[in-house]
Structures are given as structure tokens and as C-alpha cells.
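Structural features, examined
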Amino acid sequence: METATMTPSPTTPTHAVSMDARSAPASAPAADAPPLIEIGGFSFWYGPKQALFDIDLRIRERAVTAFIGPSGCGKSTLLRCLNRMNDLIDGVRVEGSVRVQGQDLYGPDVDVVDVRKRLGMVFQKSNPFPKSIFENVVYGLRLQGVKNKGVLRDACEKALRGSALWDEVKDRIEESALSLSGGQMQRLCIARALAVEPEVVLMDEPCSALDPIATAKIEELIFQLKERFTIVIVTHNMQQAARVSDETGFFMLGKLIEFDKTDVIFTRPKQKMTEDYITGRFG
């Protein structure tokens, strides 16, 4: 893990992740701003195995929230719970609530398809369909019954511009998406999520399979997207979390250990376990 050269102080853990002026994200939204997502007393089970324990968390609108922690700590499980992706697994069970603008996504009358439209997901491994670039982007709209070619073309261009991919593919959108580079494929998957106009974009390790140049493009894109969308990102890369996020939650063994503004988590955490993880003592 890359570490910063910082002078130890009573409030700054030795070897804390660098938060210099070039990499520090914009200030997090005001603490009294109403949350877009409110998670209350949320627990989750894979069959008899409990994976999340009593999570309470408020995620603010048009901010980037990062989930960090060692492998198996529950961060990706919680991310997938936000758009009910874990419903696809047999034997899962939940307690508690996940509310988006006051609506409980686990309420009895909730349309799961609508949940996944409102909270789009970008996965760790880019997963373009064996179709054209155009058909990949408008796939979700076609599922919603949109057939007007003009509407689909406009939505495709808007989504590709939103994912900073339009200029690279505008002359070949009828070509196979499988002809794109790895970084382009990941941005295509982001465009596919954006095309249905979600409220939230969920990103599960979106850069883990990418080279440093492609990773930098995705991180720059995240800064641009948060002007329009609320973003929640899971990452193993603490430097990345420090660079792109406004607020960060540290998870351990299915529990949310600490949640605060990113600069607080990385330079003056309140919990010793958080400090131990940030400074590389475990993980």
C-alpha cells in the first residue's frame, strides 16, 4: 500500500493516506443536508450465515460515498442490497430498512425492477453484451418498452457523453462492444447504467481490472458524474477512496465501524480499528 510522508501528530495516524490539495475531494455536503439514502438497523443473511449486522448509514445526494475494508467485510454485500441485487440469490433474508427519498426499498409493494432503474449498478468486471455499442447503451430503455429510434439515439448519445466515451466511439456505435478496450468497456457499462436516468450509480470495484491510465479516466468521470448523480463506490484501493470520495465508511466483519468525511477517516479516525486498517496494520 502506498503511504504518505506525514509528520505524526496526536490527531494524525502515522502513514495515513495522503490527502494533498491535488487529490483531496471537494468538501462533503453539509451535515444537516437531508440524506438521499437512509439505511436503518439493516442486517442481511445468506441462508444461516449473517453477513451484515445492524447497519445505520446516511448517504447524501450528489456526493461520492466510498465503502472500504478488507475482503469479506460486507461492503459489496451492502452495495448489492441497495438495489436488491442479492434478491437473485436463494435463501437470503433481510431485517431493517433501506429508504431512498423516504421510500423503503424492501417494502411489500415495491417494484424491484423500478428499484434497479433508480439505483444503477456498475460491476467489478465490465460485462458488455455481445451486441453493438448502441444496443448495449439502450438495452435498459428497450426493456422499458422504448421503441422510438430518435429517442433511443438521443439517449445513447447523452449516456455516452455522460460516460466520456462519445468522442471515442461516435463513428462506430454500430460496431460490436466487444471490440472496445477494457477501460472503454467499463465506461460503456457506466453509459448503460446512465441511459435509464438513475438517481444513484453504484460502483463495485469499477477499476480493479483496469490499468492506471484507464483508472484515471474512470476517477475523473466520477468527479463529473457527481454533479448529476449520487455515487456509492466499493474499493479496495484506499488511495482511490481518498481521491474520489466525499465520505467514507469502513467495514469490518459485516459491521460498519466508522463513517465520516473522507479526510477525517484517512487522517484522524475516531476508532482504533479504522486507524489500524488505514495505516496498514492489517487488511
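Scroll up to find the structure this text is about.
Residues numbered from 1 in each chain as written. Predicted model: local features only at pLDDT ≥ 70, side-chain atom pairs only at ≥ 80, totals over all residues. Heavy atoms only, no water.

A word on the environment of Val151
Assignment of secondary structure puts Val151 in helix H5 (residues 149–162). Here the alpha-carbon distance between Val151 and Leu141, two residues ten residues apart in the chain, equals 9.6 Å. (Helix = DSSP H or I, 4+ residues; strand = E, 2+ residues; numbered from the N terminus.)

Quick look at the sheet that holds strand E1 (residues 35–46)
One open sheet accounts for four strands, arranged E2-E1-E4-E5; its pairing is antiparallel. If you trace the sheet from one side to the other, it starts and ends with strand E2 (49–60) and strand E5 (103–104), each paired once. As paired strands, strand E4 (residues 92–100) and E5 are joined by two bridges and run antiparallel to one another. Bridge pairing links Val100 to Gln103 in E5. (Pairing = 2+ DSSP bridges.)

Section: the side chain of Asn86
Tracing the backbone shows Asn86 in the loop between helix H1 (75–82) and E4. Classification of Asn86 as buried rests on a relative accessible area of 2%. If sequence neighbours within four positions are ignored, Asn86 has contacts with Phe44, Tyr46, Thr77, Arg80, Cys81 and Val92. (Buried < 20%, exposed > 50% of the residue type's maximum accessible area, 1.4 Å probe, protein only. Contact = heavy atoms within 4.5 Å.)

Section: helix H8 (residues 212–225)
Between its first and last C-alpha atoms H8 spans 20 Å; for 14 residues at 1.5 Å apiece the expected length is 20 Å, and the two agree. Taken as a whole, H8 has its buried residues at Ala214, Thr215, Ile218, Glu219, Leu221, Ile222 and Leu225. Burial along H8 is one-sided: seen end-on, the buried residues are contained in an arc of 160 degrees. Across H8 from its buried face, at more than 90 degrees, point the exposed residues Pro212 and Ile213. Among the structural elements, strand E3 (64–68), H5, helix H7 (182–194), strand E7 (200–204), strand E8 (230–234) and helix H9 (238–244) are those in contact with the buried residues of H8. A side-chain oxygen of the first residue of H8 lies 3.0 Å from the backbone nitrogen of Ile213; this N-cap is Asp211. (Expected span 1.5 Å × (residues − 1). Arc of directions from axis to C-beta. Polar contact = N/O pair within 3.5 Å; in protein donor to acceptor, adjacent residues only side chain to side chain.)

Concerning unusual backbone geometry
One non-glycine residue, Arg62, lies in positive phi territory at about 55 degrees. Inspection of the secondary structure assignment puts Arg62 in the loop between E2 and E3. Residue classification places Arg62 among the partly exposed positions, given a relative accessible area of 48%. You will see that Gln101, though not glycine, has its phi angle at about 50 degrees, which is positive. Relative to the helices and strands, Gln101 is located in the loop between E4 and E5. Assessed through its relative accessible area of 54%, Gln101 is described here as exposed.

Without other data, these values stay purely geometric and don't point to any function.
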